[in-house]
Structures are given as structure tokens and as C-alpha cells.
Amino acid sequence: MRARSATATVGAIAAIGLLLAASACGSNAQSNSDADTPRQVKLYGTDGNMASSFGDAFKDSPAVLAGMKGTTPLTPLSDDFKRRVRGIDPNLADFNYAGEAYDAVVIAALAAEIAKTVDPPQFAKQLIGVTTGDNVCETVAACLAMAKSGKDFKYRGVSLRRSGFTEAGEPSSAMYGVLNFGRNNTIDDAKTEFVGAGDEKTEQKGAAPPAGTGGKGGGQKPALKYGLLLPKTGSLAFQGPPMFAAAKLAAKEINDAGGVLGQPVQVVDGDDGTNPDVAKATVEKFITDGVHVIIGAGASGVSKAVIPRVAQAGKVMISPSATSDELTKLEDKGLFFRTSPPDLLQAKAIADIIMRDGHSKVAIIARDDSYGSGLAESVRNDLTAAGIKPTDLLVLKYEAKDTYDAKTDGNLFTPLAAKVKTFDATGILLVGFDESALAIKALITEKVKS
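Keep in mind it's a predicted model, so treat the numbers as computed, not measured. (Residues numbered from 1 in each chain as written. Predicted model: local features only at pLDDT ≥ 70, side-chain atom pairs only at ≥ 80, totals over all residues. Heavy atoms only, no water.)

## Section: the side chain of N185
Next, step 1: By the element assignment, N185 lies in the loop between β5 (173–180) and β6 (193–198).
Next, step 2: Relative accessible area serves as the criterion here: at 3%, N185 is assigned to the buried category.
Next, step 3: A distance of 3.5 Å separates the side chain of N185 from the backbone nitrogen of A63, its partner in a polar contact.
Next, step 4: Within the local environment of N185, its side chain forms a polar contact with the backbone nitrogen of L65, the two atoms lying 2.9 Å apart.
Next, step 5: Once you skip the residues sitting within four places of it in the chain, N185 turns out to touch S52, G55, F58, S61, P62, A63, V64, L65 and A66. (Helix = DSSP H or I, 4+ residues; strand = E, 2+ residues; numbered from the N terminus. Buried < 20%, exposed > 50% of the residue type's maximum accessible area, 1.4 Å probe, protein only. Polar contact = N/O pair within 3.5 Å; in protein donor to acceptor, adjacent residues only side chain to side chain. Contact = heavy atoms within 4.5 Å.)

Spelled out as C-alpha cells, the structure:
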């Protein structure tokens with residue numbers, strides 16, 4: 001699919017699915033039988049819950065997610081790329097953040113090759129320039145060849161297609177997938193639309209630092225070592241498999257192309273647990289094991305928790321999926337980067353979709369952490385700017401936890417569902433991870449959603 005301009009892209013999406021208008025259910029004259037009838041509302045999601053694997057929570061409720069739609073950073077992926085990733089993990093159900101994970105591994109390798117060293121603070125200086133040079137290269141083999149020969153280039157891989165990094169070390173523009181759940185509670189790929197967001201003009205300009213010389217002494221250089229700080233457990237565990245597979249694919253293809261500095265790159269598995277404590281323990285293990293580049297963490301809150309220690313240890317960290325705007329200005333000693341775009345861009349995309357679907361009264365249910373709160377507030381601001389009255393917007397937040405128990409934590413969402421019912425919104429945005437399933441079940445119990 002093609003990229004479109006930042007100002008017109010999302011607005012060009014045709015409204016997909018059924019637009020469900022508000023009924024008289026919210027009037028004071030409502031009959032008891034009407035009150036017992038599930039309200040007809042439209043559900044929306046964001047990258048934390050828009051995945052086929054999210055539907056596993058509704059195996060006993062066919063079609064309950066049908067019509068739900070939302071956004072996730074997603075570049076149109078070629079059949080060839082999907083085939084290659086599935087060669088690493090044949091059981092993949094989704095490819096969310098696969099392109100971003102692949103690109104994170106590749107740009108670190110290219111930066112180390114240019115710097116002629118695996119010393120993280122040294123090759124970190126080359127990371128932005130790898131994406132902002134003059135001559136386009138699109139494959140690992142081609143880009144590594146240019147890096148080894150000292151030629152100027154800019155990497156345009158899987159997710160980094162339209163433009164390179166900003167001065168902050170994050171994408172200046174991105175592609176989003178507008179995803180739709182079908183009647184089997186999985187993403188209906190046939191209905192996926194791709195839209196562009198961001199501004200290519202914010203790409204960092206200016207010459208990259210001079211290529212390195214490799215320091216004193218000759219001989220064989222140490223192998224570049226990656227640590228995968230991605231979710232195997234916790235609330236984002238269902239999002240982990242495509243990132244692990246794509247990162248390992250990138251490492252394989254780097255080695256197939258001759259490796260970095262004449263050595264095969266190495267990959268060490270780890271788990272961020274969608275939990276700061278788990279992630280911190282994994283980071284310590286990586287530091288002890290001599291890891292140079294950490295790919296992760298998956299969640300914004302977890303990334304925020306470990307960045308200070310990673311920076312203190314002088315390691316490079318590149319997240320393929322942490323999207324909180326808060327991370328842009330976090331003190332990181334120039335060592336934190338991300339291939340996922342900041343939520344400022346996603347907020348505009350999801351707000352435009354909601355407006356295109358004709359809603360004038362919207363409720364937002366969000367986890368109360370740097371990801372959920374930041375994205376929810378940005379969407380609220382964008383919806384207000386688009387013309388919805390502040391009194392017709394309801395933002396509810398719930399405690400962010402590492403894991404949720406369906407038996408005990410279901411009650412966490414009951415009062416929120418009751419407030420949404422009273423508010424009588426026609427559109428409901430869920431900003432969360434796998435616990436969003438508990439919120440949906442609470443809405444069904446309160447007869448807000450059928």
C-alpha cells in the first residue's frame with residue numbers, strides 16, 4: 001500500500017463496519033425492558049489490544065469483538081517478509097511490531113559496522129545517521145555492504161519506510177494499520193487499511209559523525225551481542241512472539257550477510273515480564289553477560305523503569321513497541337532509541353477514525369500508566385479539537401497492574417462500566433493490554449455492549 005500525507009491520510013479512510021447510533025436508552029423515560037437491552041455501541045482499541053491473539057479471551061463468546069476496530073503502528077508487510085518470519089516461528093498469529101523489531105536489530109548492526117566498534121556509546125552516535133543518509137538501501141546485505149565500504153546510505157527496511165529518525169532517535173513518520181475484528185474474534189486482514197502519520201520534515205538533518213576506525217590495535221573484533229528484553233509473560237505476553245521471531249530473523253540475515261565487523265552477531269533471550277521488576281532483573285543479567293544492545297522493552301512503563309540503569313551501564317537500548325510520548329524527553333545519555341512511533345501520532349489517527357464514524361459522545365477506558373494515561377489524554381485533546389464538547393467526553397482510568405486475575409480483578413472494571421452506561425456514549429475506546437478483555441466483559445454484564 002502507499003503512504004499518504006500526514007494531514008489527509010487518516011481522514012481518507014472510509015468508515016469500516018457498522019455505525020451504531022445512540023438510542024433512547026439514555027432517556028429518563030426509559031422503560032425497564034429497554035434498560036435491560038444491551039446498548040448498541042462501537043468499540044475501539046489501540047496497539048496494546050488490537051491483535052488476533054487478544055480474541056483468545058473470548059473463546060466462549062463468538063463474535064463479541066465483531067466490528068471493534070483500532071490502530072497499531074503497522075507497515076504493509078510483504079508476503080515474503082511474513083514467510084521469513086514464520087520460518088523462525090511457524091505458529092505466529094499476528095505480526096504486530098515485527099517490522100519494528102526487525103529494524104531495531106538491523107540499525108544497531110549497521111551503526112556498529114560504521115563505527116568499527118561494538119562499544120555502545122560509540123556506535124550509538126551513528127544510529128540516527130544510519131536512517132538519514134543520502135543513498136537508499138533496503139536490504140540487510142546491501143546496507144551492510146555500503147557500511148563496510150564507507151559509503152553514505154540511509155536504511156529503509158520494513159517499518160522505517162517513509163523517513164528516518166528525529167533528533168530524539170525515534171521515527172519522524174510512521175504507517176498505521178486500521179484493524180478490524182471479524183466475527184471469529186480475530187483480525188479480518190481483508191479490511192485492514194494503512195494510513196500515514198507524522199512529518200518527514202522532522203527527520204534529523206546534517207552529517208552523521210565520521211566513521212570510526214575501530215580504536216587501537218588490530219585483530220578480530222568482539223561479536224556484537226543483543227539481549228531481547230521482550231514480553232514472554234505478563235499482560236503483553238500475547239504481543240511478544242512476532243517481536244522475538246522478527247528480531248531473530250534479523251540476526252540470522254545479518255549473519256548470512258557476513259555478520260558485523262567480521263563476526264556473527266549473538267542473541268540472548270530475555271523476558272521483560274510486562275513488569276518493571278522482572279525487566280530490571282533481566283537487564284542485570286544482560287549486563288553481566290556482556291550484552292551491547294538491548295531490544296526492548298515491550299511496554300512504555302517497563303521501558304521507562306529500566307532506561308536509567310541501561311544508560312548507567314552504557315548500553316544501547318532500542319524499543320520496537322514502547323510508544324509513550326513521555327519517553328521522547330527522558331534522560332538517557334543518548335543511548336535510548338525506538339523504532340515505534342510516539343503516541344502523539346497514534347492519538348491523531350484513532351481520534352480521526354472515531355470522528356469519521358460519526359460519534360459525538362465518547363468514553364475512554366485506559367490503564368493508568370505512562371502508556372494508557374498519555375494516549376488517553378492525547379486522544380481526548382484531539383477529539384476536543386475536532387469538535388466534540390468536553391462534557392461529551394468521559395475518561396476513566398484503572399489501576400495498571402503487571403497481571404490481572406479474571407476472578408478477582410474483574411470487579412476493578414464493574415464501576416467503570418456502570419459509569420459508561422450512565423454516560424450513554426456511542427463510542428468506547430479501550431487503551432490497555434490483555435486486561436481490556438475484562439473491561440469488555442464488564443461492559444457486557446452492565447448491558448452496555450451486547
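## Some details on the pattern of salt bridges
Next, step 1: Counted according to the given criterion, the structure contains 22 salt bridges.
Next, step 2: One salt bridge connects R338 with E170, and the closest N-O pair in it is separated by 2.9 Å. In this pair, R338 is assigned in strand β11 (residues 336–338) and E170 in the loop between β4 (154–155) and β5, connecting sequence segments 168 residues apart. Each member of the pair, R338 as well as E170, is classed as buried.
Next, step 3: In this structure, D269 engages K232 in a salt bridge whose closest nitrogen and oxygen atoms are separated by 3.3 Å. One end of the pair, D269, is in strand β8 (residues 266–271); the other, K232, is in the loop between β7 (225–230) and α6 (240–256), with 37 residues separating them in the sequence.
Next, step 4: One network of salt bridges, with partners in common, ties together D80, R83, R84 and E253. (Salt bridge = Lys/Arg side-chain N within 4 Å of Asp/Glu carboxyl O.)

## Things to note about the sheet that holds β5
Next, step 1: Ordered by their spatial adjacency, 7 strands build an open sheet running β6-β5-β2-β1-β14-β12-β13, and the pairing between neighbours is mixed. One side of each edge strand has no neighbouring strand; the edge strands of this open sheet are β6 and β13 (393–399). The sheet shows a mean angle of 20° between the axes of neighbouring strands, direction not considered.
Next, step 2: The pairing of strand β1 (residues 42–45) with strand β2 (residues 69–73) spans 2 bridges and is parallel. Bridge pairing in β2 links G45 to G70. (Pairing = 2+ DSSP bridges. Axes fitted to C-alpha atoms, helices over the stretch in contact; angles between N-to-C directions.)

## Comments concerning unusual backbone geometry
Next, step 1: Cis geometry marks the peptide bond from G296 to A297; its omega dihedral reads -5°.
Next, step 2: Backbone geometry at N185 places phi at a positive 65°, although glycine is not the residue there.
Next, step 3: Positive phi is not limited to glycine here, since D424 has a value of about 65°.
Next, step 4: Relative to the assigned elements, D424 resides in the loop between α12 (414–423) and β14 (427–431).
Next, step 5: The exposure class assigned to D424 is buried, which follows from its relative accessible area of 19%.

## Quick word on the environment of A376
Next, step 1: Within the element layout of this structure, A376 appears in helix α10 (residues 370–385).
Next, step 2: As a C-alpha pair, A376 and I365 span 11 residues in sequence and 7.9 Å in three-dimensional space.

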